[in-house]
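# Report on the structure
Next come the chains, spelled out residue by residue.
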Amino acid sequence: MEERTLGQILWDRQVSRRDFLKFCTVMAGTLALESTFAPRIARALEFSKRTPVIWLEFQDCAGCTESFLRASRPTTAEIVLDVLSVDYHETIMAASGHLAEEAKAATIEAGHYLLVVEGAIPAAQGGIYCTIGGRTALDILEEAAGNALAVVAVGSCAAFGGIPKAAPNPTGAVGVMDLVTDKPVLNLPGCPLNAVNLTATVVHFLTFGELPAMDDLHRPLFAHGARIHDNCERRGHFDAGEFVREWGDEGHRKGWCLYQMGCKGPATYHNCPTVRWNDGTNWPVGGGHGCIGCSEPGFWELGAYNTVELFDATPPVGYPPVAEAEGKITPAAAGVIGGLAGLAVGVAGAAAAQRLSKSEQDEPEQGKE
Ligand code: SF4
Ligand code: F3S
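Residues numbered from 1 in each chain as written. Chains lettered and ligands numbered in written order. Predicted model: local features only at pLDDT ≥ 70, side-chain atom pairs only at ≥ 80, totals over all residues. Heavy atoms only, no water.

When helices and strands are counted, the protein shows 17 helices and nine strands. Here the protein holds 369 residues, and 51% of them are scored as buried. For the protein, long-range pairs separated by at least 24 residues make up 74% of all intrachain contacts whose partners lie at least 6 apart in sequence. Put simply, the protein shows about 16,700 Å² of open surface, and 55% of that area lies on carbon and sulfur atoms. (Helix = DSSP H or I, 4+ residues; strand = E, 2+ residues; numbered from the N terminus. Buried < 20%, exposed > 50% of the residue type's maximum accessible area, 1.4 Å probe, protein only. Contact = heavy atoms within 4.5 Å. Areas by Shrake-Rupley, 256 points an atom, 1.4 Å probe, with all protein chains shown as cover.)

Shown next as structure tokens:
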């Protein structure tokens, strides 16, 4: 039987042309492309055939799978993800045992598939801490990555080791990019993954035939190129020195800045303020809680602040102490103080130092505001 295109699937599902084009425009926006790219995306998607996917789970909680599956209604995004032929996924596939393993083996042998990895990989003691069907996660990953077109690491555990990597890390957990070095690896960190960013990555891959541009941590720039702090709806209150000082106080009720309550938005690069969560309903800071830096390396134990307390009011390295920020610090002065505080970076861990260099680069921009 001839393979069906996305255009035919959309037609069968009675998705209107208008809704489809609207989706393509939203995707162009999510990918930080001009809206003029929308027709090109539409043309590419319309004639796309199913791309095989192998989705592996290792040291994970399946939260990213849940995020991937939790569209609240049939959407064009869901249908685009139908274009992915998920040949192997332990949580959702109907097959089990030898049938499941055979489906995976057949996909690997045929090649030209996307490999999605969820969860960290335990590397200590030859990988004995995670085995599936008698084989270690290390072995399974190496085999599945071999013929893949590209590898997409979903969630902070697969990207950077995440919670399984937290000290003392008895299993030697690492992220995919520490092990797969001969293939394009794209990280979609977050705890969990935001499915909008996976959809946009798939759309980019189908439209342009390659993964989107990435930062030095292999994260797509369209999703991780801007700091949360710079797109936050509470930013005006930060600049005005208006801070929440206690949960439920007047500032909290008025939607003031959560910096003093430990918000890690100033050191976290993610598009949460713009794409939001739950079909764009809201996001953590919008809901009244500070960002906990869930998509940065070092999350869970280090956060983006080099602190062991996720909810500490410790500002990120390079930022002024909370007391000085309260009503006294202009953005320009904050830049100067940030530069001085940056001298303390030598004591920070490697991951924190990497984030610092990016934060420091941003300081002059902040001063210009
Ligand atoms: Fe928003 Fe947090 Fe920055 Fe305040 S510190 S403006 S709440 S991102
Ligand atoms: Fe995570 Fe912060 Fe976004 S906690 S979900 S990166 S607002």
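This part takes up the nonpolar core. Side chains that are nonpolar tend, in soluble globular proteins, to be buried together. Among the nonpolar cores identified, the biggest contains 39 residues, and Leu6, Cys24, Leu45, Val154, Leu198 and Val203 are the most heavily contacted of them. Sorting elements by how many residues they give to this core places helix α9 (residues 195–208) first, with six residues. Not counting chain neighbours up to four residues away, the residues in contact with Leu45 comprise Leu6, Gly7, Phe20, Phe23, Cys24, Val80, Val203, Leu206 and Thr207. (Core = buried A, V, L, I, M, F, W, Y, C linked by side-chain atoms within 4.5 Å.)

Let us look at the site of ligand 1. Taken together, 13 residues form the shell around ligand 1, and within it His229, Cys232, Cys257, Leu258 and Cys263 come nearest. Taken together, the elements giving at least two residues each to the shell around ligand 1 come down to α11 (228–231) and α12 (235–239). (Near = heavy atom within 4 Å.)

Per the stated rule, a full pass over the model turns up 13 salt bridges. One salt bridge in this structure joins Arg4 and Asp12, with 2.2 Å as the shortest N-O distance. Arg227 is the partner of Asp230 in a salt bridge, and the nearest nitrogen-oxygen pair spans 3.1 Å. Assessed through its relative accessible area of 33%, Asp230 is described here as partly exposed. (Salt bridge = Lys/Arg side-chain N within 4 Å of Asp/Glu carboxyl O.)

Right, let's talk about α9 for a bit. For α9, spanning 14 residues, the distance from its first C-alpha to its last is 20 Å, which sits close to the expected 20 Å at 1.5 Å a residue. All of the buried residues along α9 are Ala195, Asn197, Leu198, Thr199, Ala200, Thr201, Val202, Val203, His204, Phe205, Leu206 and Thr207. (Expected span 1.5 Å × (residues − 1).)

The next point concerns the environment of Ala144. Within the fold, Ala144 resides in helix α7 (residues 137–146). By relative accessible area, Ala144 is classed as buried at 0%. Sequence separation of Ala144 and Val116 is 28 residues, and the distance between their C-alpha atoms is 9.7 Å. Dropping the residues within four chain positions of it, Ala144 is found in contact with Leu56, Ile108, Tyr113 and Leu115.

Quick look at the sheet that holds strand β7 (residues 150–154) now. Read from one edge of the open sheet, five strands run β2-β1-β3-β7-β9, paired in parallel fashion. The open sheet has two free edges, formed respectively by β2 (84–89) and β9 (185–188), since each of these has just one partner strand. Between one strand and the next, the sheet's axes are offset by a mean angle of 25°, whatever the strand orientation. Pairing of strand β1 (residues 51–57) with strand β3 (residues 114–118) involves five bridges; the strand directions are parallel. In the strand pairing of β3, Glu57 is matched with Glu118. Of the strands in this sheet, β1, β3 and β7 are in contact with α7, which crosses β3 at around 155°. Along the sheet, α9 contacts β1, β2, β3, β7 and β9; its crossing angle with β9, the most-contacted strand, is approximately 150°. (Pairing = 2+ DSSP bridges. Axes fitted to C-alpha atoms, helices over the stretch in contact; angles between N-to-C directions.)

Turning our eyes to something else, we now look at helix α2 (residues 17–30). Between the first and last C-alpha of α2 there are 20 Å, a value that for 14 residues agrees with the 20 Å anticipated at 1.5 Å per step. If you check which residues of α2 are buried, you get Phe20, Phe23, Cys24, Met27, Ala28 and Thr30. Along the axis of α2, the buried positions cluster into a sector of 160°, meaning they face one direction only. Those residues of α2 that are exposed and aimed more than 90 degrees away from the buried face are Arg18, Lys22 and Gly29. Of the residues trailing α2, Ala32 is marked for its positive phi of about 60°. (Arc of directions from axis to C-beta.)

Take the packing of aromatic side chains next. Tallying each qualifying case throughout the model produces five aromatic pairs. Summarising the aromatic geometry, the rings of Phe37 and Phe208 are spaced 6.0 Å apart at their centres and angled 65° between planes, so their arrangement reads as edge-to-face. One end of the pair, Phe37, is in the loop between α2 and α3 (38–46); the other, Phe208, is in helix α9, and 171 residues separate them in sequence. Judged by relative accessible area, Phe37 falls into the partly exposed class, the value being 26%. The exposure class of Phe208 is partly exposed, given its relative accessible area of 25%. Geometrically, the ring pair formed by Phe243 and Tyr259 is tilted, given 5.9 Å between the ring centres and 40° between the ring planes. Of this pair, Phe243 sits in the loop between α12 and α13 (250–254) while Tyr259 is found in the loop between α13 and α14 (272–275), placing the two residues 16 residues apart along the sequence. (Phe/Tyr/Trp six-rings, centres within 6.5 Å; stacked < 30°, edge-to-face > 60°.)

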